[in-house]
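The chain contents come next:
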Amino acid sequence: MKCERCGRGTATVRYAEVVDGSLTTWHLCEECASERGVTGSLTSLAGPLVNILMGLLEGGGGAEPVDSGPTCPRCGLTYEAFRRAGRLGCGTCYETFASQLKPLLRRIHGSTDHTGGVPSTDEGGHFRRREISKLKRELTRAVAAEDYERAAELRDTVRARERELGSTETGDVDV
């Protein structure tokens, strides 16, 4: 997005101002933002803020040295660089840092399961996989409770749903 003031630079700052109850919002480049008196963007605060939050979430004060861990093969980002910047470099980072991100996401969000929107082109595959996952958790609970009849029903349902999912993903249609 171009800067709404000069039209030359890339808008990296969203500036909002309320005057007499009226909200006005501009998307500005760094130069125009500094001319308007907006000093220090969120990105300049992100590093220290993220370090504080990560230290609290990981149970430490952030004083002890941390192993930089793996490096993303696609963009070269290290986990330590992610901790400093507060953002990942690319989609591959999610896979590369999965072991470090899962506990962090669980502490922040309470879960690592995605509950947001899904692409419309998925045609139900996401929802079937979610249902299968839920049925498998229920099956585990039934076995732990020694409710073997319910466990057998759930096992059969899981197998049926997995067959349905497999035929949908490969394009086969059961008649």
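Provided above is the structure to which this section pertains.
## A few points about the pairing of strand β2 (residues 22-28)
Part 1: Pairing analysis gives 7 bridges linking strand β1 (residues 13-19) to β2, with the strands arranged antiparallel. Bridging across to β2, Val-18 finds its partner in Leu-23.
Part 2: Between β1 and β2, which pair antiparallel and follow one another directly, the connecting turn spans 2 residues, one of which, Asp-20, has a positive phi of 50 degrees.

## So, the state of the cysteines
Part 1: Enumeration over the complete set of coordinates arrives at 0 disulfides.
Part 2: With no disulfide of its own, Cys-3 lies 3.7 Å from the sulfur of Cys-32, the closest cysteine sulfur.
Part 3: Cysteine Cys-6 remains unbridged, with the sulfur of Cys-3 as its closest cysteine sulfur at 3.7 Å.
Part 4: Note on Cys-6: relative accessible area 24%, which makes it partly exposed.

## Comments concerning the pattern of salt bridges
Note that side chains of opposite charge can pair when their charged atoms are close.
Part 1: Taken as a whole, this structure holds 9 salt bridges when the rule is applied.
Part 2: Notably, a salt bridge pairs Arg-83 with Glu-80, separated by 3.9 Å at the nearest N-O pair. One end of the pair is Arg-83 and the other is Glu-80, both in helix α3 (residues 79-85) and 3 residues apart, which spans about a single turn.
Part 3: Classification of Arg-83 as buried rests on a relative accessible area of 5%.
Part 4: The residue Glu-164 makes a salt bridge to Arg-161 at a minimum N-O spacing of 4.0 Å. One end of the pair, Glu-164, and the other, Arg-161, are both in helix α7 (residues 148-170), 3 residues apart, so they sit about a helical turn from each other.
Part 5: Taking the relative accessible area as the measure of exposure, Glu-164 reaches 33% and is therefore partly exposed.
Part 6: Overlapping salt bridges, with partners in common, bring together Glu-80, Arg-83 and Arg-84 in one network.

## Topic: the environment of Leu-135
Part 1: Tracing the chain through its elements places Leu-135 in helix α6 (residues 125-144).
Part 2: Owing to a relative accessible area of 12%, Leu-135 belongs among the buried residues under this scheme.
Part 3: Excluding residues within four positions of it along the chain, Leu-135 makes contact with Leu-154, Thr-157, Val-158 and Arg-161.

## Points about the nonpolar core
Part 1: Of all hydrophobic cores here, the largest spans 10 residues; its members are Cys-72, Leu-77, Tyr-79, Ala-81, Phe-82, Cys-90, Cys-93, Phe-97, Leu-101 and Leu-104.
Part 2: Among the elements of the structure, α3 and α5 (98-109) are those that each provide at least two residues to this core.
Part 3: If one sorts the elements of this core by residue count, α3 sits on top with 3 residues.
Part 4: Ile-132, Leu-135, Ala-151 and Val-158 belong to the second-largest nonpolar core, a separate cluster that totals 8 residues.

## Here we look at unusual backbone geometry
Part 1: Its identity is not glycine, yet Glu-146 carries a phi of approximately 60 degrees, on the positive side.
Part 2: Turning to its location among the elements, Glu-146 is positioned in the loop between α6 and α7.
Part 3: Overall, the relative accessible area of 56% leaves Glu-146 in the exposed class.

## Let's talk about the packing of aromatic side chains
Part 1: Counted by the stated rule, this structure contains 2 aromatic pairs.
Part 2: Aromatic pair Tyr-79 and Phe-82: ring centres 5.6 Å apart, planes at 45 degrees, arrangement tilted. Here Tyr-79 and its partner Phe-82 are both found in helix α3, 3 residues apart, which amounts to about one turn of the helix. Here the two residues Tyr-79 and Phe-82 agree in accessibility, since each one is buried.
Part 3: Ring pairing ties together the aromatic residues Tyr-79, Phe-82 and Phe-97, which thus form one cluster.

## Side note on α6
Part 1: In this model, α6 (20 residues) spans 29 Å end to end at C-alpha, consistent with the 28 Å of a helix rising 1.5 Å per residue.
Part 2: Taken together, the buried positions of α6 are occupied by Gly-125, His-126, Ile-132, Leu-135, Leu-139 and Ala-142.
Part 3: Phi turns positive one or two residues past the end of α6, at Glu-146, with a value near 60 degrees.

Rules of the game
- Residues numbered from 1 in each chain as written.
- Predicted model: local features only at pLDDT ≥ 70, side-chain atom pairs only at ≥ 80, totals over all residues.
- Heavy atoms only, no water.
- Pairing = 2+ DSSP bridges.
- Helix = DSSP H or I, 4+ residues; strand = E, 2+ residues; numbered from the N terminus.
- Disulfide = S-S within 2.5 Å.
- Buried < 20%, exposed > 50% of the residue type's maximum accessible area, 1.4 Å probe, protein only.
- Salt bridge = Lys/Arg side-chain N within 4 Å of Asp/Glu carboxyl O.
- Contact = heavy atoms within 4.5 Å.
- Core = buried A, V, L, I, M, F, W, Y, C linked by side-chain atoms within 4.5 Å.
- Phe/Tyr/Trp six-rings, centres within 6.5 Å; stacked < 30°, edge-to-face > 60°.
- Expected span 1.5 Å × (residues − 1).

By themselves, these are just geometric observations and shouldn't be taken as functional.
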